[in-house]
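Geometric and topological summary
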Amino acid sequence: MYDCIIIGTGPAGLSAALNLKTYKKSFVWFGSKNLSDKVQKAEKITNYPGFPELTGQELFSRFTDHIQSAGLDITEKTVTNVMSVGTYYMVLADNEVYEAKTLILAMGVMTAKLLKGEDELLGRGVSYCATCDGMFYKDKEIAVLCNDPKYEHEVEYLADLAAKVTYFPMFSDSQIKKENVTISKDFPLEIKGSDRVTGLVLKSGKVLELDGIFCLRNAIAPSKLVSGLEIENGHIKVDRTQKTNLPGCFAAGDCTGRPYQYTKAVGEGNVAAHSCISYLTE
Ligand code: FAD
């Protein structure tokens, strides 16, 4: 049982991790060792105090140097589910369960739009986790949407189980070559079904008849990730101490709302860590 689990390796997650480390709290920090696309992709940053002209790549190098010198470890896994179990949290990441007394959500904002019907049919034919739910689709027909080549091993795993897979990679260089996998260049628009998934409507107007749909993305909407989490205007609702409506659960950075800025993310990560430490002491 850890003191805390931090989800997200952008500026907010990093700031929270540095502060928890200073206070010698035990924690697991989930995300990518590439930290955040939103750091690396910035051309020129002019509003970070002390660094009048900085590129995203320079900020990334400074962040990675700091992670190394502070002795922080990143667990390179995507969190697919969080459950509140009374006084602690169970977190599912790449089919492994981790437990912690508190949570810091620093996942940024999700840019991918949910498909029509995705929300309603989640858990009833729509899944975000190949290893958790793949077995339910043994010898069945499924579709897989994937927005990052790093999840292609999960696509292979699903193809080994399912009878037929229609695969929609959202990038150009898919490495999947399997007899039962058809790579589609069409675009999924809507998931059909009332009690369970029955099909997928494509931009071309074609409708695929299916038993299930896997959406393998880098990010999952916070309300889907953590059940019971209060959302306001599309962001996680927090107070000035970064506390959410769930006990021991804090949130920081873009996921709590605008302005979407590095310094806001760093500041909120700091406050979230301190609130988390106070909560653990209480
Ligand atoms: P993010 O940086 O988005 O990091 C969140 C991380 O969490 C990501 O790595 C994501 O993959 C990970 N994650 C999400 N879900 C999960 C999960 N389920 N499991 C594991 N990991 C997960 N701001 C400025 O102040 N100045 C600028 O000049 C500026 N320029 C920008 C230029 C560009 C091109 C872009 C895109 C943004 C720019 N921004 C700028 C905004 C800034 O990048 C964001 O405000 C900041 O990165 C937010 O930090 P964050 O930690 O909240 O989220």
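Quick caveat: nothing in here was measured; it's all calculated off a predicted structure.

Okay, the pattern of salt bridges next. Counting across every chain of the model gives 11 salt bridges. For the salt bridge of lysine 44 with glutamate 53, the shortest nitrogen-to-oxygen distance reads 3.9 Å. The same class applies to lysine 44 as to glutamate 53, namely exposed. Between glutamate 96 and lysine 77 there is a salt bridge whose closest N-O contact spans 3.2 Å.

The subject of this paragraph is the packing of aromatic side chains. In total, this model carries 4 aromatic pairs according to the counting rule given. Ring plane angle 65° and centroid distance 6.0 Å describe the contact between tyrosine 48 and phenylalanine 51, whose orientation is recorded as edge-to-face. According to the relative accessible area criterion, tyrosine 48 is buried, its value standing at 15%. Here tyrosine 137 and phenylalanine 214 contribute two aromatic rings whose centre-to-centre distance is 5.4 Å and whose plane-to-plane angle is 85°, an arrangement assigned as edge-to-face.

Attention shifts here to the site of the ligand. Around the ligand lies a shell of 29 residues, among which Leu35, Ser36, Val79, Asp254 and Tyr262 are the nearest. Between the ligand and valine 79, the relevant distance is 2.9 Å, taken from a nitrogen atom to a main-chain nitrogen or oxygen of the residue. At 2.8 Å from an oxygen atom of the ligand is found a side-chain nitrogen or oxygen belonging to aspartate 254. With the chains in place, 82% of the 990 Å² that the ligand exposes on its own is no longer accessible. Taken together, the residues that form the shell around the ligand break down as 13 nonpolar, 11 polar and 5 charged.

Looking now at the pairing of strand β2 (residues 27–30). Both faces of β2 are covered, namely the face carrying Phe27 and Trp29 and the face carrying Val28 and Phe30. The sheet contact formed by strand β1 (residues 2–7) and β2 spans 4 bridges and is parallel. When the sheet's bridge partners are listed, isoleucine 5 is paired in β2 with valine 28. Following the chain from β1 across helix α1 (residues 11–22) to the adjacent parallel β2, one finds a crossover that is right-handed.

Once that is clear, we can look at the domain arrangement of the chain. According to the domain assignment, the chain contains domain 1 (2–111 + 219–281) and domain 2 (118–216). Put simply, the middle of domain 1 and the middle of domain 2, counted by C-alpha atoms, are 29 Å apart. Carbon and sulfur atoms supply 58% of the area buried between domain 1 and domain 2, which totals about 650 Å² over both sides. It is Thr80, Asn95 and Lys224 in domain 1 that bury the most area against domain 2; as a group they hold 58% of the surface buried on that side. Applying the counting criterion to the domain 1 and domain 2 interface returns 1 salt bridge. Lysine 224 is paired through a salt bridge with aspartate 119; the nearest N and O atoms lie 2.6 Å apart. At the surface where domain 1 touches domain 2, the tally comes to 2 residue pairs in polar contact (both at pLDDT 80 or more). Of the residues that constitute the side of domain 1 that touches domain 2, the class distribution is 2 nonpolar, 3 polar and 2 charged.

Definitions and limits used
Residues numbered from 1 in each chain as written. Predicted model: local features only at pLDDT ≥ 70, side-chain atom pairs only at ≥ 80, totals over all residues. Heavy atoms only, no water. Salt bridge = Lys/Arg side-chain N within 4 Å of Asp/Glu carboxyl O. Buried < 20%, exposed > 50% of the residue type's maximum accessible area, 1.4 Å probe, protein only. Phe/Tyr/Trp six-rings, centres within 6.5 Å; stacked < 30°, edge-to-face > 60°. Near = heavy atom within 4 Å. Polar contact = N/O pair within 3.5 Å; in protein donor to acceptor, adjacent residues only side chain to side chain. Areas by Shrake-Rupley, 256 points an atom, 1.4 Å probe, with all protein chains shown as cover. Nonpolar A, V, L, I, M, F, W, Y, C, P; charged D, E, K, R; others polar. Helix = DSSP H or I, 4+ residues; strand = E, 2+ residues; numbered from the N terminus. Pairing = 2+ DSSP bridges. Right-handed = clockwise from strand over helix to strand, strands pointing away. Domains from an automatic or database assignment. Buried area = accessible area lost by both parts, 1.4 Å probe.

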